[in-house]
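Read off the chains here:
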Amino acid sequence: VSQVPEVVQGAPMIIGTVDGFGSLIVDGKRIDNHAVIAQTEKDNGVLGNVEVKLGHRVEVQHDGNLVAKQVRVRSTVEGKVQSIDLTAGSLKVVGQTVVVNSDAAKGPVTVYESPYTQLADVKVNDNVEVHALIKQDAGKPVLQATRIAKREVDVSDRVHGVVAALSTTAHTFKLGDLLIDYTDAKILPEKATLENGSEVQVFITTGTV
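Residues numbered from 1 in each chain as written. Predicted model: local features only at pLDDT ≥ 70, side-chain atom pairs only at ≥ 80, totals over all residues. Heavy atoms only, no water.

1. Focus on the packing of aromatic side chains
- By the definition in use, this model includes one aromatic pair.
- Ring centres of Phe173 and Tyr182 lie 5.7 Å apart, and the angle between their planes is 40°; on these two criteria the pair is classed as tilted.
- Take Tyr182: its relative accessible area is 8%, and that puts it in the buried class. (Phe/Tyr/Trp six-rings, centres within 6.5 Å; stacked < 30°, edge-to-face > 60°. Buried < 20%, exposed > 50% of the residue type's maximum accessible area, 1.4 Å probe, protein only.)

2. Some details on the environment of Gln144
- Relative to the elements of secondary structure, Gln144 occurs in strand S14 (residues 140-150).
- As for Gln144 and Gln39, which are separated by 105 residues in sequence, their C-alpha atoms are 23 Å apart.
- When sequence neighbours within four positions are dropped, the list of residues in contact with Gln144 reads Val99, Asn101, Lys106, Gly107, Pro108, His131, Ala132, Leu133 and Lys135.
- Looking at Gln144, its side chain comes within polar contact range of the side chain of Lys135, at 3.0 Å. (Helix = DSSP H or I, 4+ residues; strand = E, 2+ residues; numbered from the N terminus. Contact = heavy atoms within 4.5 Å. Polar contact = N/O pair within 3.5 Å; in protein donor to acceptor, adjacent residues only side chain to side chain.)

3. Digging into unusual backbone geometry
- Residue Pro115 is bonded to the preceding Ser114 through a cis peptide linkage, with omega at 20°.
- Residues other than glycine seldom take positive phi values, yet Ala165 does so here, at roughly 55°.
- Mapped onto the fold, Ala165 is located in strand S16 (residues 164-167).
- Ala165 gets classed as partly exposed once you look at its relative accessible area, which sits at 49%.

4. A word on the side chain of Thr17
- Inspection of the secondary structure assignment puts Thr17 in strand S2 (residues 13-21).
- Within the local environment of Thr17, its side chain forms a polar contact with the side chain of Arg57, the two groups lying 2.8 Å apart.
- Once residues within four sequence positions are removed from consideration, Thr17 is found in contact with Ile25, Val26, Asp27, Gly55, His56, Arg57, Pro108, Leu133 and Thr146.

5. Some thoughts on the nonpolar core
- Core analysis: the biggest nonpolar cluster contains 27 residues, and Val77, Leu91, Val122, Val130 and Phe173 have the highest contact counts within it.
- Leave out the neighbours within four places in its chain, and Val77 touches Val93, Val94, Gln96, Val98, Val128, Glu129, Val130, Leu143, Arg158 and Val159.
- Counting 13 residues, the second largest nonpolar core, distinct from the first, contains Val18, Val26, Ala38 and Val73. (Core = buried A, V, L, I, M, F, W, Y, C linked by side-chain atoms within 4.5 Å.)

Here you go:
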């Protein structure tokens, strides 16, 4: 479990969706990223290099003049598709409700990565990587997808969300409909304290609860 974002002392940050290139464009802001390589966090806390794509959710720390010091790509949920509702335009992945968006007025339009071209191409039990905005709908968190891609089978699922129903006695909390038991989890950074409303990224061994 890691709290996000991890901020370099004094560095301004932009958190948003990649919507263009020719440099790096995040929510319409052009960022000079020529001197940095984008990275993503793995389940062991180690960073690995990654290609930035349209619809990716990123955290960019910069020098105040939009010259990037660090670019982190953070998917919002990774795991198996549990259900799909084509009428509602939604799917459920690792206990998270994900809605797709085709209306630019409501935010970034969902980008599909081959072999997907639309929600109907996604199947139950597909292993997917979803990037999304975290929104509230009737008091419950809903993820509005900015990118949906098929992923290679991995050793862990990933959920990025907001802590709710925290029990420090039982060592549990909820992300969407998913109940997390963090009894044996490593919490990063080391002095972090979990609280309701905290935004966290959780890695879960695939096939467990």
